[in-house]
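# Remarks on the overall topology
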Amino acid sequence: EGETELGNLIADAFAEVSECDVMMVGSGSIRVKELGSVVTLKDLKACFPYDDSLNRFKIRGGQLKRIFNHIMRIENRDGEGECYQLNSNVKAVYNENEKKLEYLKIRDSDVMDNFLYSICIQGYHLQNCQAYLGISEKELLESGQNKVVSTSASEVLEEWFRNNQNVSRDIEGRLVFK
């Protein structure tokens, strides 16, 4: 339900390949807590067993804030909701007492309501975007700037790990709950 080192690594890998501002990886897609110092293909498949598409959209900052308000709310973090791992471009702070997003930054700049930002999600999350993200598929598609980045997230991850060895990530405060 919170940020993890492995989640950060996977989200960063997908963000690099998909060239997006915000990469949201469903935490439930990541099935292990960590990978060892030597990672086999079997380890990678056990870690990320779901082969799904990666889909990139351009949405307005106001919509992006709505998504973060939805995914960071307390009711979503009860073991039954859908939580996300995010790439390093993103820093979101949610105030639990006020039940609202305090701020959302991309590359250290405040998200502006009318600017367009690229967001990438897995196909499963696209199919369930209203329930999981609090935004409709119609809203995701309205800018007309959408693209299937890959039909195989597993292959993207496999290739990224093949080309990026001896990498790790730390908890950085990408998602902060106050």
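Within each chain, residue numbers correspond to sequence positions counted from 1 in written order. With pLDDT at 70 or above as the cut-off, local features in this predicted model cover only qualifying residues; side-chain atom pairs require 80 or more to be listed or tallied, and sums for whole chains, interfaces and linings still use all residues. The basis for the side-chain values is all heavy atoms of the structure; hydrogens and waters are excluded.

## Section: the overall build of the protein
What counts is decided by this rule: Secondary structure elements follow DSSP: runs of H or I of four or more residues count as helices, runs of E of two or more count as strands, with numbering from the N terminus. It is over C-alpha atoms that the radius of gyration is taken, and the globule rule equals 2.2 Å times the number of residues to the power 0.38. The cut-offs for exposure are 20% and 50% of the maximum accessible area for each residue type, with area from a 1.4 Å probe on protein chains only; residues under the lower value are buried, those over the upper are exposed, and the others partly exposed. Residue contacts are counted whenever heavy atoms from the two residues lie within 4.5 Å of one another. Every accessible area reported is derived by Shrake-Rupley at a probe size of 1.4 Å, with residue values counting cover from the shown protein chains alone.
If you tally the helices and strands in the protein, you get seven helices and nine strands. A compact globule built from 178 residues should have a C-alpha radius of gyration of about 16 Å, and the protein, at 15 Å, falls within 12% of that. Principal-axis analysis of the C-alpha atoms gives the protein an extent of 45 × 35 × 30 Å. The burial tally for the protein puts 48% of its 178 residues in the buried class. Put simply, 77% of the contacts in the protein that link residues at least 6 apart link residues at least 24 apart. Per element, the accessible surface of the protein, about 9300 Å² overall, is 44% carbon and sulfur.

## Some points on a negative patch on the surface
Short version of the rule: To count toward a patch, a residue needs a relative accessible area above 30% and no salt bridge. Like charges then connect within 9 Å, nonpolar side chains (Val, Leu, Ile, Met, Phe, Trp, Tyr) within 5 Å. The salt bridge criterion pairs a side-chain nitrogen of Lys or Arg with a carboxyl oxygen of Asp or Glu, the two atoms within 4 Å. Counting rule applied: Lys, Arg positive; Asp, Glu negative; His and chain ends not counted. By convention, charge coordinates are those of NZ in Lys, CZ in Arg, CG in Asp, or CD in Glu.
On the surface, a cluster of negative charge is contributed by Glu-1, Glu-75, Asp-78 and Glu-80. In this structure, Glu-1 sits in the segment before α1 (5-18).

## Concerning the environment of Cys-47
Tracing the backbone shows Cys-47 in helix α2 (residues 41-47). Accessibility expressed as a relative area gives 0% for Cys-47, which makes it buried. Not counting the four nearest positions on each side in its chain, Cys-47 is found in contact with Leu-6, Ile-10, Ser-29, Ile-30, Arg-31, Val-32 and Leu-35.

## Examining the side chain of Asn-8
Tracing the backbone shows Asn-8 in helix α1. The residues contacting Asn-8, other than those within four sequence positions of it, are Glu-3, Gln-85, Leu-86, Arg-169, Asp-170, Ile-171, Glu-172 and Arg-174.

## Description of the sheet that holds strand β1 (residues 22-26)
Defined as follows: Should DSSP find at least two bridges between two strands, the strands are regarded as paired. Axis definition: a line fitted to C-alpha atoms, limited for helices to the stretch in contact. Angles are taken between N-to-C directions and run from 0 to 180 degrees.
With respect to topology, five strands assemble into an open sheet ordered β3-β1-β7-β2-β8, the strand pairing being mixed. The open sheet has two free edges, formed respectively by β3 (84-86) and β8 (146-150), since each of these has just one partner strand. Strand-to-strand, the axes of this sheet are offset by a mean angle of 30°, without reference to chain direction.

## What to know about the environment of Gly-134
With respect to the helices and strands, Gly-134 occurs in the loop between α5 (129-133) and α6 (137-141). Separated by 68 residues in the primary sequence, Gly-134 and Arg-66 place their C-alpha atoms 7.2 Å from one another. Contacts of Gly-134, omitting those with residues within four sequence positions, involve Arg-66, His-70 and Cys-129.

## Observations regarding the pattern of salt bridges
Counted according to the given criterion, the structure contains 12 salt bridges. For Glu-139, the salt bridge identified is with Arg-66, shortest N-O distance 3.0 Å. Of this pair, Glu-139 sits in helix α6 while Arg-66 is found in helix α3 (residues 61-72), placing the two residues 73 residues apart along the sequence. A salt bridge links Arg-174 to Glu-172, with the nearest nitrogen and oxygen atoms 2.9 Å apart. What makes Glu-172 partly exposed here is its relative accessible area of 42%. Among the charged side chains, a salt-bridge network with shared partners connects Asp-12, Arg-169, Glu-172 and Arg-174.

## Describing α3
Helical geometry: 3.6 residues make up each α-helical turn, so side chains three or four residues apart lie on a common side. Here is the rule we go by: To estimate how far a helix should extend, the number of its residues minus one is multiplied by 1.5 Å.
In this model α3 runs 16 Å from its N-terminal to its C-terminal C-alpha over 12 residues, within 8% of the 16 Å that 1.5 Å per residue would give. Here α3 has its buried residues at Gly-61, Gln-63, Leu-64, Ile-67, Phe-68, His-70, Ile-71 and Met-72.

## Some words on the packing of aromatic side chains
Filter applied, for reference: Each Phe, Tyr or Trp ring (for Trp, its six-membered ring) is paired with any other whose centre lies within 6.5 Å, and the angle between the two planes then decides the class: stacked below 30 degrees, edge-to-face above 60, tilted in between. Whether a charge sits over a ring depends on NZ of Lys or CZ of Arg being within 6 Å of the ring centre and within 35 degrees of the ring normal.
Scanning the entire structure with this criterion turns up three aromatic pairs. When the centroid spacing of 5.7 Å and the interplanar angle of 40° are considered together, the rings of Tyr-124 and Tyr-132 count as tilted. Overall, Tyr-124 belongs to the partly exposed group, its relative accessible area being 38%. For the pair Trp-160 and Phe-161, a centre-to-centre distance of 5.4 Å together with 90° between the ring planes defines the contact as edge-to-face. Side by side, Trp-160 and Phe-161 carry an identical accessibility label, which is buried. Sitting over the face of the ring of Tyr-103, Lys-105 holds its NZ or CZ atom 5.4 Å from the ring centroid.

What is shown is where atoms sit, not what they do.
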